[in-house]
Amino acid sequence: MIRPAARLLIATLATLSLAGCTAAAVSSPSPSSTSPVAGTPVDDFTPVLASTISIPRALPATDDRVHIAYELHLSNVTTQTATIESIDVLDDSGQSLERLDGDDVTPWVHVAGTTSPGRTIGPGQGALVWLDVVVDSMDDVPSSLTHDVSFAFEPGALPIITDEMTERLATTEVDTSGPVSISPPLVGAGWLNGNSCCAVTPHRGAVNPINGEYHAPERYAIDYVQLDENGSFLTGPADELDSYPYFGSDIVAVGDGPIVSMRFDLPEQTPGGNPSGLTLDEYGGNHIVQDLGDGVYAFYAHLQTGNPLDVEVGQQLVKGETIGLLGNTGNTDAPHLHFHLMDSPSPLGSNGIPFVYDSFELEGSITAADLDAKIAAGGPFDIDAAGAGSEADLYPMWLTVTSYPAG
């Protein structure tokens, strides 16, 4: 039987953790800290909980830096409003690797139930935070990361929740094995990476609630369109497939391995519009999923309808083999190749795996402002050739223009 005093204590604890009193500044204790009761460790009250969606993994890229791109899921379990004041990412020695303060936090956060970026998490709400931690080389990749996140709470509930609190959250190991090396999925010059890591592009922002969990399959996904000699990918009316000269370009296998799933029955979309009414399994359009081994799967999406290369499930593909044609099927507003690697054969219910291309030519890059201003017209884009040249074992960053050799 629970005595009356014990009932009161349990009710009080439930009020703190579920109803979420108010705010008080509680700092993380050192491992040796003890409470006034000798030998009893000091507990940290954390009214906002956090976890990583998957284990972070490092990626060397064409900007001569190594990126550790991953996501935090925050849950405000109180009845208070919690505003993120800062996020400090620490390595295994406690050194700060990345810090966001004040309004600099906002573009990297999406609060559940809202339609625009913001850093205020309401009572009972969750939020996703996209992080891009950068180090100089693979030798500098830490073995673990942790996060000091500062919140302002309204109202406070002294002494447990103060007006401002810094919580140490979501310590995670870092996978230091490096990215997967593959060959490019395309051939030819002028391939613009219009949507990829490591800013919060539509791909990085595509965190899916699938099978009861969050998944980030498109963390490193790339959308490719091909620019002509004038820097344009559109040569006529935007709603006609013939206006996209690269429509029908060869898609090639990035490595050896069998096809584990595919579909080719979806029709080509009319370019220039956003498709509606798609079911979950239609978003990728006509596609191929290839098993590359070691738990790595390649996803080639928005392929032309009709299976023009007569591939089949179980077929053993060879690196560089043509497996399909670039199309405009599924969730697409213009012909392009969507490509990513993932840790399961599910295109949406998986987590993205970082990859590098074994060999390619970097032609240059465009700016985000140039892309935004000219995307509707299909260019012409101003390509900055700074840093152009032969590259190997690197990931082509967002807004790069690259050339891929045949064979």
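A quick note: this is a predicted structure, and the numbers were derived from the prediction, not measured.

Asks: Just to check I follow, could you spell out the overall build of the protein chain for this structure?
Replies: Along the backbone of the protein chain there are 2 helices and 26 strands. For 407 residues, the compact-globule estimate of 2.2 N^0.38 gives 22 Å, and the protein chain sits close to it at 24 Å. Counting over 407 residues, the protein chain shows a buried share of 50%. Carbon and sulfur atoms provide 52% of the accessible area of the protein chain, an area that totals close to 17800 Å². In the protein chain, the 12 positive side-chain charges and the 54 negative ones have mean positions that sit 12 Å from each other.

Asks: What is the right way to read the sheet that holds strand S12 (residues 188-193) from this model?
Replies: Picture the strands of a sheet paired through backbone hydrogen bonds; they go either parallel or antiparallel. Strand order in this open sheet of 10 strands is S20-S17-S18-S19-S22-S15-S12-S26-S24-S25, and the pairing throughout is antiparallel. For this open sheet the edge positions go to strand S20 (316-317) and strand S25 (389-391), each flanked by a neighbour on one side alone. Where S12 meets strand S15 (residues 222-226), 3 bridges bridge the pair, whose relative direction is antiparallel. Residue pairing for S15: Leu192 is matched across the bridge by Val225.

Asks: I'm lost on the pairing of strand S5 (residues 96-101) in this one. Help?
Replies: Each regular strand carries side chains that alternate between the two faces of the sheet. Bridging between strand S4 (residues 81-90) and S5 involves 5 bridges; their strand directions are antiparallel. Bridge pairing in S5 places Ser86 opposite Asp101. Here S4 folds back onto S5 in antiparallel fashion, the turn holding 5 residues, of which Gly94 has a positive phi close to 90 degrees.

Cut-offs applied
Residues numbered from 1 in each chain as written. Predicted model: local features only at pLDDT ≥ 70, side-chain atom pairs only at ≥ 80, totals over all residues. Heavy atoms only, no water. Helix = DSSP H or I, 4+ residues; strand = E, 2+ residues; numbered from the N terminus. Rg over C-alpha atoms; globule rule 2.2 N^0.38 Å. Buried < 20%, exposed > 50% of the residue type's maximum accessible area, 1.4 Å probe, protein only. Areas by Shrake-Rupley, 256 points an atom, 1.4 Å probe, with all protein chains shown as cover. Lys, Arg positive; Asp, Glu negative; His and termini not counted. Charge placed at Lys NZ, Arg CZ, Asp CG, Glu CD. Pairing = 2+ DSSP bridges.

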